[in-house]
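# Fold and geometry: a report
What follows is each chain in one-letter form.
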Amino acid sequence: MAHALVVEDDADSARMLASLLHTGGFTAATASSLRDARRQIALQRPDIVLLDLQLPDGNGLSLCEEAELLSYSEVVLITGHASLDTSIQALRLGAADYLIKPVDTRRLNAVLSRARSPSTLLAEIQDIRLQWEATGRFGHLLGRSSIMREVYEQIACVAGTSVSVFVTGESGSGKELVARTLHDLSRRRDGPFLAVNCGAISPQLIESEIFGHERGSFTGADRQHLGFFERANGGTLFLDEITEMPLELQVELLRVLETGTFMRVGSTEARHTDVRIVAASNRNLAQAVVDGALREDLLYRLNVFPLHLPPLRDRLEDLPLLAQHFLDDIAAREGGRKTLTAAALERLAEYRWPGNVRELRNVLQRAFVMTQEGPVTERWLPRDLVPSRPEPEAAPLAADGAALAELRMPLGSSLAQVERALILATFAHCGQRREQTAAMLGISMKTLYNRLKEYGASA
């Protein structure tokens, strides 16, 4: 049976917490001071320590500074006033979470259900580091560059805590992969992970999507809907492009983060939630505050642990590893392993990649489809990858090397008519193979599907 120590100078609170711990399957001891706590730890090493900040003989955080004393114990702070300074200091000293007085039973039970000793988490992080050294993979991320190693060290430092993380970086650089890695290395890994793109949801619907709504709360609400905060309870909620969230909703989000409660649209009943927030944006956060796109108080609440993800152009030494990973991933679905020629890699390395890793994957997807046999050469890489070294325009070729049939349109045709004719002709030429058609046209599968559906063609 796991053992817990409650370090709390209020006798009634200590007894109440000890009783709750017993109910949760722990044996429990209590201590009313730092001196008493050290004695109890010497008698029996606790698996978890509930540590009050204000004690008669000093600040509870000073106990965390004694690394040897608590090296095998998970520390949860108990405080009447949670603050960013306290959270950051507790993180640096290895605390996993904190509870606000009066301690909510549901919140305590959630913390207890995630309890894992620091030594266990350190061993898991070490396994991840060994995997990175062998394969270049760290969780969901890939890369051996020194700049990415710094990112991995930050993730390893913060993953086992409950503090909010704000990931910044350009579009396509992999911010969601950082969030997923944080979740998988956290104490919440058994809970859900939900990703929300705040810029992809209609402003009229985003409140309902995040907090949920009751049946009949607005026109079209014909059933009860659980929002992201309810569905992510016990896990991690990734709020991507949070600067696109309406300001009035940012006020509601701040309230949830501070109180752990929210209300569905159309309801007056407060509901509790226990989620860890990972936010992300591709904008300069200080400028977003100046521009009125992000509330300053919300930024302070979310930006407890800032983490910046570098663009692909700043870690080009990772490009061969990333490129082969994407080709292998595509091959696992399509069949037939492919590699890149040295000339193709050189072409890729000369590009600045404004769309980052996401753009690299899309480029390789098209090149894979268009390469019928042998390695992927620069032939099927987009010609504008290196605008400083333009190549002579060549006649378009089919997969077998034969010239494609021409498509002629009369002058005066609308762009919609030209687009329709080009898509349908290419679709027919590719034998109605959607993936090859999309690759040849340079459009996404979703766009192709929507166009074919619109034209009434078989899709």
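Residues numbered from 1 in each chain as written. Predicted model: local features only at pLDDT ≥ 70, side-chain atom pairs only at ≥ 80, totals over all residues. Heavy atoms only, no water.

### Considerations on the confidence of the model for the protein
Put simply, the test is: For every residue, the predictor assigns a confidence score, pLDDT, that lies between 0 and 100. Only heavy atoms matter for contacts: two residues are in contact if any of them lie within 4.5 Å across the pair.
Across the protein, the average pLDDT comes to 86, with 91% of residues at 70 or higher. Contacts for the low-pLDDT stretch residues 387–403, under 50 throughout, to residues beyond four places or in other chains number 19 contacts.

### Side note on the sheet that holds strand S1 (residues 3–7)
To be explicit about the condition: Think of it this way: DSSP has to see at least two bridges between two strands before they count as a pair. By the criteria applied, helices consist of DSSP H or I runs no shorter than four residues and strands consist of E runs no shorter than two, each listed in order from the N terminus. The convention used is that axes are lines fitted to C-alpha atoms, helices contributing only their stretch in contact, and that angles between N-to-C directions extend from 0 to 180 degrees.
Taken in spatial order, the 5 strands line up as S2-S1-S3-S6-S7 in an open sheet, and their pairing is parallel. Of all the strands in the sheet, the pair left with one neighbour each is strand S2 (27–31) and strand S7 (97–100). Each strand axis lies, on average, 20° off the axis of its neighbour in the sheet, ignoring direction. Note that S1 and S2 share 5 bridges and pair parallel. Pairing of Val7 across the sheet is with Ala31, part of S2. Contacts from helix H1 (residues 11–23) reach S1, S2, strand S3 (48–52) and strand S6 (74–79) within the one sheet, and its direction differs from that of S2 by about 165°. Contacting S1 and S2, helix H2 (residues 34–43) crosses the sheet at an angle of about 150° to S2.

### Quick notes on the nonpolar core
For soluble globular proteins, the rule of thumb is that nonpolar side chains tend to be buried together. Rules: The term nonpolar core refers to a set of buried residues drawn from Ala, Val, Leu, Ile, Met, Phe, Trp, Tyr and Cys, joined through side-chain atoms within 4.5 Å. Burial here depends on accessible area, computed with a 1.4 Å probe over protein chains only, as a share of the maximum for the residue type. Under 20% is buried, over 50% is exposed, and the range in between is partly exposed.
With 31 residues, the main nonpolar core has Phe229, Leu237 and Ile242 as its most contacted residues. Only strand S11 (193–197), helix H9 (206–211), helix H10 (228–231), strand S14 (236–240), helix H11 (247–259), strand S17 (276–281), helix H12 (285–290) and helix H13 (296–302) provide two or more residues apiece to this core. The element best represented in this core is H11, accounting for 5 residues. Apart from the residues lying within four places of it in its own chain, the contact partners of Ile242 are Phe166, Cys198, Gln250, Leu253, Ala279, Ala280, Leu294 and Leu302.

### Considering the pairing of S3
Of all 5 residues in S3, 5 are buried; the element is thus mostly enclosed. Taking every second residue as pointing to the same face, both faces of S3 are buried, with Ile48, Leu50 and Asp52 on one and Val49 and Leu51 on the other. Bridge count between S1 and S3: 4 bridges; the pairing is parallel. Note on S3: the bridge partner recorded for Val6 is Leu50. Summarising the sheet, S3 and S6 pair through 5 bridges and their orientation is parallel. What sits directly across from Asp52, in S6, is Ile78.

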